[in-house]
Amino acid sequence: MKKEFTCIECPNGCRLCVDVKDGKAVSVEGFKCPKGEKYALAEIENPTRILTSVVLAEGLSLKMVPVKTSQAIPKRLMMVAVDEIKKLKITQAVKVGDVIVKNFLDTDADLIATRDS
Amino acid sequence: MIKRDLIVVGGGPAGMAAALSAHEHGVKDILLLERDQFLGGILNQCIHPGFGLTYFKEILTGPEYADRFIKKITAVKDIEVSLKTFVTQLTGKKVLTSLSPGRMDEIKAKAIIMATGCRERTREMAHIAGTRPAGIFSAGLAQKLINIEGLLPGKEVVIVGSGDIGLIMARRMALEGAHVKAVIEIQKVSKGLVRNVVQCLNDFDIPLYLSHKIIKIHGKDRVEKVDVARVDENFCEIAGSQFEIACDTVLISAGLIPENELIEMAGVVMDKKTNTPVSDKVNQTSIDGLFVCGNAYQIYDLADSVTKDSILAGKMAAEYIRGKL
Ligand code: SF4
């Protein structure tokens, strides 16, 4: 079975075509760089995305501190992750890159601040 | 009157890159004016990733992209940053009037770089009929409410326009738990990047209605529903195609307009259609030594392009000050 995707790794948005057999990718076509091939394989086997959101701050100059996952996490965890983030509160000053939650939801990704608070 | 070599108006990606570039090209006396209490401009509310791929060769979020420049600027003592400073007047002789808490200054500069960015087109400009209830926001305002203020503007959302900001906001609202019922696009294709259609709409099963427009917004105190119809080649409603979508919020993402009222006030020759300066050379205006860069010069798709354009403006301003332009 052929599956079509648009690569989202960069603004080029290459059209990718993946040959899928029994839920496994056999071959990928249409990528202009290796990132595209990797993306297509992941889209079939375990689609992942970087999640960005904001965490409530208290007593800091920002009201909300923007955060991101240090690497892409499984797409199916998105809403769970957002709920977890809503429970957090940052009360001590953080800098860009500081880890807010280590090994976030056991994904190996850390939740990190993307702005000085 | 205060005298400075170079004034940069606007502390977003354009102004920061221009100031740094002018400094690298030898300008030693730079004043950077920013109306907000932080540097970074719109990048601060663009918390999603996708910035920096061309300029830094890595994927950054908006605040991270801004942070790189903020750290550089604060390390350069020749660049004086004045926050909470709003420019109210600019003359053709390169004198500007600025207001900041408790003071008003008149400053004359050898060269001025305007990096004032752009603003969003409004519902009125997009000609959407109907009532004027609460619940109608520009996409960028909704972004600010969620990402800076931590407030969710609504729960049942219809987005008008599928430019990148509209798409990004569709995902952002969905992630925050809102039900994004539709993105309505009058054109046959989305104006946004394909990757944004994929990762912002498809990922969240948000329907994109191409060749459709909002006919009317209904609601007394709060938005209650919108009428939507399919359009023909001339963007006219196709009879009988109308349907309604119940919602409490409408986000308008109808494009951006360069913000150039100050240079217009100074007497710069303007292109009325695009609201940008008429010039034979990139970033220049009809007034010598008055430059415009970033989204004020032209609307760019990527912050990286704004940076590139503004580096050039900084270099030109430095050459002008040295008498070499
Ligand atoms: S395949 Fe490579 S070039 Fe094409 S969109 Fe993906 S990352 Fe960009």
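Anything mentioned here points back to the structure above.
It should be emphasised that the depicted structure is a prediction, and the values quoted were computed from it without experimental measurement. (Residues numbered from 1 in each chain as written. Chains lettered and ligands numbered in written order. Predicted model: local features only at pLDDT ≥ 70, side-chain atom pairs only at ≥ 80, totals over all residues. Heavy atoms only, no water.)

**Q** Would you take a moment to explain the overall build of chain B for this structure?
**A** If you tally the helices and strands in chain B, you get 7 helices and 22 strands. Its C-alpha atoms give chain B a radius of gyration of 21 Å, within 12% of the compact-globule value 20 Å for 325 residues. Considering only C-alpha atoms, chain B reaches an extent of 65 × 40 × 40 Å along its principal axes. Residues classed as buried in chain B amount to 55% of the 325 residues present. For chain B, the exposed area adds up to about 14400 Å²; of that, 54% sits on carbon and sulfur atoms. On chain B, the mean spot of the 40 positive side-chain charges and the mean spot of the 39 negative ones are 4 Å from each other. (Helix = DSSP H or I, 4+ residues; strand = E, 2+ residues; numbered from the N terminus. Rg over C-alpha atoms; globule rule 2.2 N^0.38 Å. Buried < 20%, exposed > 50% of the residue type's maximum accessible area, 1.4 Å probe, protein only. Areas by Shrake-Rupley, 256 points an atom, 1.4 Å probe, with all protein chains shown as cover. Lys, Arg positive; Asp, Glu negative; His and termini not counted. Charge placed at Lys NZ, Arg CZ, Asp CG, Glu CD.)

**Q** Looking at this structure, I do not really get the sheet that holds strand β2 (residues 15-21) of chain A. What am I missing?
**A** Paired through backbone hydrogen bonds, the strands of a sheet run either parallel or antiparallel to each other. All names here are of chain A. Strand order across the open sheet formed by 3 strands is β1-β2-β3, with antiparallel pairing between neighbours. At either margin of the open sheet sits one strand with a lone partner, and together these are β1 (2-6) and β3 (24-29). Direction aside, neighbouring strands of the sheet carry axes that sit 30° apart on average. Two strands pair when backbone bridges link them, and β2 and β3 are joined in this way by 5 bridges, in the antiparallel orientation. The residue bridging Val 20 from the neighbouring strand is Ala 25, located in β3. The strands touched by helix α1 (residues 34-45) within the sheet are β1, β2 and β3, with β3 carrying the most contacts at an inclination of about 150°. (Pairing = 2+ DSSP bridges. Axes fitted to C-alpha atoms, helices over the stretch in contact; angles between N-to-C directions. Contact = heavy atoms within 4.5 Å.)

**Q** Quick question: what am I supposed to make of the site of the ligand here?
**A** Every residue close to the ligand is listed here: Cys7(A), Glu9(A), Cys10(A), Asn12(A), Gly13(A), Cys14(A), Phe31(A), Lys32(A), Cys33(A), Lys35(A) and Gly36(A). Tallied by class, the residues present in the shell around the ligand amount to 5 nonpolar, 3 polar and 3 charged. (Near = heavy atom within 4 Å. Nonpolar A, V, L, I, M, F, W, Y, C, P; charged D, E, K, R; others polar.)

**Q** Can you help me understand the layout of surface pockets in this one?
**A** Once rolled over the atoms, a probe with the size of a water molecule shows which space is left empty. Approximately 560 Å³ is the volume found for the second largest pocket. Along the walls of the second largest pocket sit 19 residues, with Glu9(A), Thr48(A), Ile50(A), Ala72(A) and Ile59(B) positioned nearest its centre. If you list the elements that add at least two residues to the lining of the second largest pocket, you get α1 and β4 (48-49) of chain A together with β3 (49-51) and α5 (194-201) of chain B. Sort the elements by how many residues they give to the lining of the second largest pocket and α1(A) lands first, with 5 residues. Of the residues contributing to the lining of the second largest pocket, the split by class is 7 nonpolar, 5 polar and 7 charged. (1 Å grid on protein atoms, 1.4 Å probe; cavity = no way out; pocket = protein on both sides within 12 Å on 5 of 7 lines; lining within 4 Å. Points joined across faces, edges and corners; volume = space filled by probe spheres on them.)

**Q** What is the right way to look at the pattern of salt bridges in this model?
**A** If the charged atoms of two oppositely charged side chains come close together, the side chains can form a pair. Inspection of every chain in the model, using the stated rule, returns 30 salt bridges over all chains. In this structure, Asp203(B) engages Lys75(A) in a salt bridge whose closest nitrogen and oxygen atoms are separated by 3.1 Å. Of this pair, Asp203(B) sits in the loop between α5 and β14 (208-209) while Lys75(A) sits in the loop between β7 (73-74) and α2 (78-87), which puts the two residues in different chains. Classification of Asp203(B) by relative accessible area gives buried; the value is 18%. Classification of Lys75(A) by relative accessible area gives partly exposed; the value is 27%. A salt bridge links Lys71(B) to Asp116(A); the shortest N-O distance between them is 3.4 Å. With one member in each of two chains, Lys71(B) in helix α2 (residues 62-75) and Asp116(A) in the segment after β10 (111-113) form a pair that bridges those chains. (Salt bridge = Lys/Arg side-chain N within 4 Å of Asp/Glu carboxyl O.)

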